[in-house]
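Take a look at the letters that make up each chain.
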Amino acid sequence: MNTSLRPVDAAVAAYREGQLTDAHARFSVLAQAGDPEAQAWIGSLHANGEGVPADLEAAFAWYLRAAEQDHVPAQTNVGAMLVMGQGTAADPVAGLHWLTRAAQAGDAMAQSNLATLHFKGDRVPHDEAAAAHWYRRAAEQGHYPSQARLGFMYANGLGVEKDRAQAFAWLSLAAQHGVGTALNALEGIVGQMSVEEKHRGAAQFDQWRTRTAAVSSPARLVPVPG
(Lines give C-alpha, C1' and ligand atoms only; values in the text may rest on other atoms or scores of the structure.)
Protein backbone atom coordinates (compact mmCIF):
# COMPACT_ATOMS: atom_id res chain seq x y z
CA MET A 1 0.00 0.00 0.00
CA ASN A 2 1.22 3.51 -0.83
CA THR A 3 2.51 4.94 2.46
CA SER A 4 2.33 8.51 1.11
CA LEU A 5 -1.48 8.44 1.07
CA ARG A 6 -3.52 10.51 3.49
CA PRO A 7 -4.74 8.29 6.36
CA VAL A 8 -8.33 8.30 5.08
CA ASP A 9 -7.16 7.48 1.55
CA ALA A 10 -5.06 4.61 2.92
CA ALA A 11 -8.18 3.28 4.64
CA VAL A 12 -10.14 3.57 1.40
CA ALA A 13 -7.34 1.74 -0.44
CA ALA A 14 -7.48 -1.08 2.13
CA TYR A 15 -11.25 -1.30 1.59
CA ARG A 16 -10.89 -1.45 -2.18
CA GLU A 17 -8.29 -4.20 -1.82
CA GLY A 18 -10.78 -6.26 0.19
CA GLN A 19 -8.92 -5.83 3.47
CA LEU A 20 -12.11 -5.04 5.33
CA THR A 21 -10.91 -5.65 8.89
CA ASP A 22 -7.88 -3.43 8.31
CA ALA A 23 -10.05 -0.80 6.62
CA HIS A 24 -12.47 -0.79 9.54
CA ALA A 25 -9.64 -0.38 12.03
CA ARG A 26 -8.17 2.51 10.05
CA PHE A 27 -11.52 4.23 9.59
CA SER A 28 -12.38 3.76 13.28
CA VAL A 29 -9.32 5.65 14.50
CA LEU A 30 -10.05 8.53 12.14
CA ALA A 31 -13.79 8.54 12.82
CA GLN A 32 -13.30 8.67 16.58
CA ALA A 33 -10.98 11.63 16.02
CA GLY A 34 -13.80 13.44 14.20
CA ASP A 35 -13.02 12.90 10.49
CA PRO A 36 -16.41 13.12 8.70
CA GLU A 37 -15.27 11.11 5.67
CA ALA A 38 -14.16 8.27 7.92
CA GLN A 39 -17.38 8.53 9.92
CA ALA A 40 -19.40 8.15 6.72
CA TRP A 41 -17.34 5.12 5.72
CA ILE A 42 -17.83 3.52 9.14
CA GLY A 43 -21.55 4.07 8.67
CA SER A 44 -21.37 2.34 5.31
CA LEU A 45 -19.43 -0.63 6.73
CA HIS A 46 -22.04 -1.11 9.44
CA ALA A 47 -24.92 -0.65 6.99
CA ASN A 48 -23.55 -3.28 4.62
CA GLY A 49 -21.98 -5.64 7.17
CA GLU A 50 -18.49 -5.25 5.70
CA GLY A 51 -15.71 -5.98 8.18
CA VAL A 52 -18.23 -5.70 11.03
CA PRO A 53 -21.66 -7.23 11.71
CA ALA A 54 -24.49 -5.42 9.93
CA ASP A 55 -25.99 -2.90 12.34
CA LEU A 56 -28.31 -0.18 11.02
CA GLU A 57 -28.45 1.62 14.36
CA ALA A 58 -24.66 1.98 14.40
CA ALA A 59 -24.75 2.97 10.72
CA PHE A 60 -27.26 5.71 11.40
CA ALA A 61 -25.29 7.03 14.36
CA TRP A 62 -22.10 7.32 12.30
CA TYR A 63 -23.90 8.80 9.28
CA LEU A 64 -25.44 11.40 11.58
CA ARG A 65 -22.07 12.39 13.02
CA ALA A 66 -20.74 12.88 9.48
CA ALA A 67 -23.91 14.66 8.33
CA GLU A 68 -23.66 17.16 11.16
CA GLN A 69 -20.22 18.07 9.78
CA ASP A 70 -21.71 18.77 6.33
CA HIS A 71 -20.79 15.45 4.70
CA VAL A 72 -23.41 15.59 1.97
CA PRO A 73 -23.81 11.88 1.03
CA ALA A 74 -24.15 11.08 4.73
CA GLN A 75 -26.88 13.71 4.96
CA THR A 76 -28.70 11.87 2.16
CA ASN A 77 -28.54 8.60 4.05
CA VAL A 78 -29.58 10.18 7.35
CA GLY A 79 -32.59 11.70 5.61
CA ALA A 80 -33.63 8.46 3.97
CA MET A 81 -33.18 6.41 7.12
CA LEU A 82 -35.26 8.88 9.13
CA VAL A 83 -38.03 8.83 6.53
CA MET A 84 -38.08 5.03 6.42
CA GLY A 85 -37.41 4.39 10.09
CA GLN A 86 -34.29 2.34 9.41
CA GLY A 87 -31.76 2.26 12.24
CA THR A 88 -33.73 4.95 14.04
CA ALA A 89 -37.30 5.91 14.86
CA ALA A 90 -39.18 7.18 11.82
CA ASP A 91 -39.27 10.98 11.64
CA PRO A 92 -40.38 12.10 8.16
CA VAL A 93 -40.10 15.80 9.02
CA ALA A 94 -36.47 15.48 10.10
CA GLY A 95 -35.79 13.14 7.18
CA LEU A 96 -37.18 15.65 4.71
CA HIS A 97 -34.97 18.34 6.26
CA TRP A 98 -31.80 16.29 5.72
CA LEU A 99 -32.76 15.18 2.21
CA THR A 100 -33.56 18.76 1.23
CA ARG A 101 -30.27 19.98 2.67
CA ALA A 102 -28.32 17.37 0.68
CA ALA A 103 -30.37 17.98 -2.46
CA GLN A 104 -29.71 21.72 -2.29
CA ALA A 105 -26.01 20.91 -1.93
CA GLY A 106 -26.18 19.06 -5.25
CA ASP A 107 -26.37 15.39 -4.26
CA ALA A 108 -28.12 13.53 -7.09
CA MET A 109 -29.29 10.68 -4.85
CA ALA A 110 -30.90 13.14 -2.45
CA GLN A 111 -32.51 15.00 -5.34
CA SER A 112 -33.90 11.79 -6.81
CA ASN A 113 -35.24 10.50 -3.51
CA LEU A 114 -36.73 13.87 -2.59
CA ALA A 115 -38.47 13.91 -5.98
CA THR A 116 -39.83 10.40 -5.48
CA LEU A 117 -41.20 11.24 -2.04
CA HIS A 118 -42.99 14.30 -3.41
CA PHE A 119 -44.29 12.40 -6.43
CA LYS A 120 -45.73 9.59 -4.33
CA GLY A 121 -46.90 11.86 -1.53
CA ASP A 122 -45.35 9.25 0.74
CA ARG A 123 -44.87 10.77 4.21
CA VAL A 124 -44.47 14.22 2.62
CA PRO A 125 -46.96 16.44 0.76
CA HIS A 126 -47.82 15.26 -2.75
CA ASP A 127 -46.27 17.86 -5.06
CA GLU A 128 -45.70 16.94 -8.71
CA ALA A 129 -44.08 20.28 -9.55
CA ALA A 130 -41.52 19.79 -6.77
CA ALA A 131 -40.97 16.21 -7.96
CA ALA A 132 -40.29 17.38 -11.52
CA HIS A 133 -37.91 20.07 -10.25
CA TRP A 134 -35.79 17.63 -8.26
CA TYR A 135 -35.90 14.90 -10.90
CA ARG A 136 -34.56 17.44 -13.39
CA ARG A 137 -31.77 18.51 -11.04
CA ALA A 138 -30.70 14.85 -10.69
CA ALA A 139 -31.28 14.08 -14.39
CA GLU A 140 -29.01 16.93 -15.42
CA GLN A 141 -26.24 15.25 -13.41
CA GLY A 142 -26.69 12.01 -15.32
CA HIS A 143 -28.80 10.08 -12.81
CA TYR A 144 -30.45 7.62 -15.20
CA PRO A 145 -33.54 6.69 -13.14
CA SER A 146 -34.30 10.38 -12.72
CA GLN A 147 -33.90 10.93 -16.46
CA ALA A 148 -36.48 8.19 -17.05
CA ARG A 149 -38.90 9.59 -14.49
CA LEU A 150 -38.52 13.14 -15.78
CA GLY A 151 -39.23 11.90 -19.30
CA PHE A 152 -42.35 10.13 -18.04
CA MET A 153 -43.53 13.35 -16.39
CA TYR A 154 -43.04 15.36 -19.59
CA ALA A 155 -44.82 12.66 -21.58
CA ASN A 156 -47.84 12.83 -19.30
CA GLY A 157 -47.83 16.49 -18.23
CA LEU A 158 -47.23 15.70 -14.56
CA GLY A 159 -45.81 18.67 -12.68
CA VAL A 160 -44.69 20.19 -15.99
CA GLU A 161 -46.37 21.18 -19.22
CA LYS A 162 -46.73 18.16 -21.49
CA ASP A 163 -43.85 18.19 -23.96
CA ARG A 164 -43.16 15.15 -26.16
CA ALA A 165 -39.83 16.57 -27.35
CA GLN A 166 -38.57 16.92 -23.77
CA ALA A 167 -39.95 13.47 -22.98
CA PHE A 168 -38.14 12.02 -25.98
CA ALA A 169 -34.83 13.60 -24.96
CA TRP A 170 -34.87 12.45 -21.32
CA LEU A 171 -36.25 9.00 -22.05
CA SER A 172 -33.62 8.52 -24.76
CA LEU A 173 -30.85 9.50 -22.36
CA ALA A 174 -32.08 6.94 -19.84
CA ALA A 175 -32.76 4.24 -22.43
CA GLN A 176 -29.24 4.39 -23.82
CA HIS A 177 -28.02 3.30 -20.40
CA GLY A 178 -30.35 0.32 -20.17
CA VAL A 179 -33.30 1.70 -18.22
CA GLY A 180 -35.97 -0.63 -19.58
CA THR A 181 -38.95 1.42 -18.46
CA ALA A 182 -37.56 4.39 -20.39
CA LEU A 183 -37.26 2.34 -23.56
CA ASN A 184 -40.85 1.13 -23.26
CA ALA A 185 -42.16 4.65 -22.65
CA LEU A 186 -40.08 5.97 -25.53
CA GLU A 187 -41.60 3.46 -27.92
CA GLY A 188 -45.02 4.61 -26.79
CA ILE A 189 -44.54 8.29 -27.62
CA VAL A 190 -42.41 8.19 -30.79
CA GLY A 191 -45.40 7.27 -32.95
CA GLN A 192 -47.33 10.26 -31.59
CA MET A 193 -44.61 12.82 -32.35
CA SER A 194 -44.63 15.22 -35.25
CA VAL A 195 -41.56 15.64 -37.45
CA GLU A 196 -40.88 18.96 -35.74
CA GLU A 197 -41.10 17.38 -32.29
CA LYS A 198 -38.72 14.61 -33.32
CA HIS A 199 -36.18 17.14 -34.58
CA ARG A 200 -36.50 19.19 -31.40
CA GLY A 201 -36.26 16.12 -29.20
CA ALA A 202 -33.19 14.84 -31.04
CA ALA A 203 -31.51 18.25 -30.68
CA GLN A 204 -32.19 18.30 -26.95
CA PHE A 205 -30.91 14.74 -26.62
CA ASP A 206 -27.65 15.72 -28.34
CA GLN A 207 -27.36 18.80 -26.13
CA TRP A 208 -27.64 16.81 -22.90
CA ARG A 209 -25.65 13.86 -24.15
CA THR A 210 -22.60 16.11 -24.44
CA ARG A 211 -23.27 18.05 -21.24
CA THR A 212 -24.31 15.18 -18.98
CA ALA A 213 -21.87 12.74 -17.40
CA ALA A 214 -22.90 9.54 -15.67
CA VAL A 215 -22.98 9.49 -11.88
CA SER A 216 -20.62 6.54 -11.91
CA SER A 217 -18.25 6.91 -8.98
CA PRO A 218 -18.32 3.83 -6.73
CA ALA A 219 -21.04 4.06 -4.10
CA ARG A 220 -19.31 4.59 -0.76
CA LEU A 221 -22.48 4.73 1.28
CA VAL A 222 -25.51 2.49 1.44
CA PRO A 223 -27.80 3.21 -1.53
CA VAL A 224 -30.93 5.13 -0.66
CA PRO A 225 -34.23 3.56 -1.75
CA GLY A 226 -36.39 5.82 -3.90
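Before going into details, it helps to say that this report is about the structure given with it. (Residues numbered from 1 in each chain as written. Predicted model: local features only at pLDDT ≥ 70, side-chain atom pairs only at ≥ 80, totals over all residues. Heavy atoms only, no water.)

This brings us to the overall build of the chain. Looking only at helices and strands, the chain has 12 helices and 0 strands in total. When the helices and strands of the chain are read in sequence order from the N terminus, they spell out α-α-α-α-α-α-α-α-α-α-α-α. Its C-alpha atoms give the chain principal-axis dimensions of about 60 × 40 × 25 Å. Taking all 226 residues of the chain together, the buried fraction comes to 45%. Sequence-distant contacts in the chain: of pairs separated by 6 or more residues, those separated by 24 or more amount to 51%. Counting only carbon and sulfur atoms, one obtains 53% of the accessible surface of the chain, whose full area is about 10,600 Å². Considering the chain, the positive charge centre built from 17 side chains and the negative charge centre built from 22 side chains are found 5 Å apart. (Helix = DSSP H or I, 4+ residues; strand = E, 2+ residues; numbered from the N terminus. Buried < 20%, exposed > 50% of the residue type's maximum accessible area, 1.4 Å probe, protein only. Contact = heavy atoms within 4.5 Å. Areas by Shrake-Rupley, 256 points an atom, 1.4 Å probe, with all protein chains shown as cover. Lys, Arg positive; Asp, Glu negative; His and termini not counted. Charge placed at Lys NZ, Arg CZ, Asp CG, Glu CD.)

In the contact formed by helix α7 (residues 108–120) and helix α9 (residues 144–156), the axes pass within 11 Å of each other and the chain directions differ by 35°. Crossing hand, α7 versus α9: left-handed. Note on element contacts: α9 touches α7 through S146, R149, F152 and M153, opposite S112, T116 and F119. When grouped by side-chain class, the residues that make up the contact of α7 with α9 number 3 nonpolar, 3 polar and 1 charged. (Axes fitted to C-alpha atoms, helices over the stretch in contact; angles between N-to-C directions. Left-handed = near helix turned anticlockwise from the far one by under 90°. Nonpolar A, V, L, I, M, F, W, Y, C, P; charged D, E, K, R; others polar.)

Before going further, it helps to spend a moment on the packing of aromatic side chains. Aromatic ring pairs: the centre-centre distance and the angle between the two ring planes describe each pair. Taken as a whole and judged by the stated rule, the model has 3 aromatic pairs. Ring centres of Y15 and W41 lie 4.9 Å apart, and the angle between their planes is 65°; this geometry places the pair in the edge-to-face category. Taken as a pair, Y15 in helix α1 (residues 7–16) and W41 in helix α3 (residues 36–48) lie far apart in primary sequence, 26 residues in all. Since its relative accessible area comes to 19%, Y15 is described here as buried. Pairing F27 with W41 gives two aromatic rings, centres 5.1 Å apart and planes at 10°, and the pair type is stacked. Here the residue F27 occupies a position in helix α2 (residues 20–32), and W41 occupies one in helix α3, the gap between them amounting to 14 residues. (Phe/Tyr/Trp six-rings, centres within 6.5 Å; stacked < 30°, edge-to-face > 60°.)

A word on the pattern of salt bridges. Inspection of every chain in the model, using the stated rule, returns 8 salt bridges. Ionic pairing is found between R200 and D163, a salt bridge with its closest N-O pair at 3.4 Å. Placement of R200 in helix α12 (residues 195–211) and of D163 in the loop between α9 and α10 (164–175) is noted, with a sequence separation of 37 residues between them. Across the pair E197 and R164 runs a salt bridge whose closest N-O atoms are separated by 3.2 Å. Remark: R164 occurs in helix α10 and E197 occurs in helix α12; sequence separation between them is 33 residues. Here the residues in one salt-bridge network are D163, E196 and R200, joined through shared partners. (Salt bridge = Lys/Arg side-chain N within 4 Å of Asp/Glu carboxyl O.)

Attention now goes to the layout of surface pockets. One number sums up the size of the second largest pocket: a volume of about 190 Å³. Taken together, T116, F119, K120, Y135, A148, R149, F152, M153, L171, T181, A182 and A185 make up the lining of the second largest pocket. Of all the secondary-structure elements, those providing two or more residues to the lining of the second largest pocket are α7, α9 and α11 (180–190). By residue number, the principal contributor to the lining of the second largest pocket is α9, which donates 4 residues. Residues that form the lining of the second largest pocket fall into these classes: 8 nonpolar, 2 polar and 2 charged. (1 Å grid on protein atoms, 1.4 Å probe; cavity = no way out; pocket = protein on both sides within 12 Å on 5 of 7 lines; lining within 4 Å. Points joined across faces, edges and corners; volume = space filled by probe spheres on them.)

Our focus in this paragraph is the environment of G121. One can find G121 in the loop between α7 and α8 (128–139). In this structure, the C-alpha to C-alpha distance between G121 and A131, residues 10 residues apart in sequence, is 9.8 Å.

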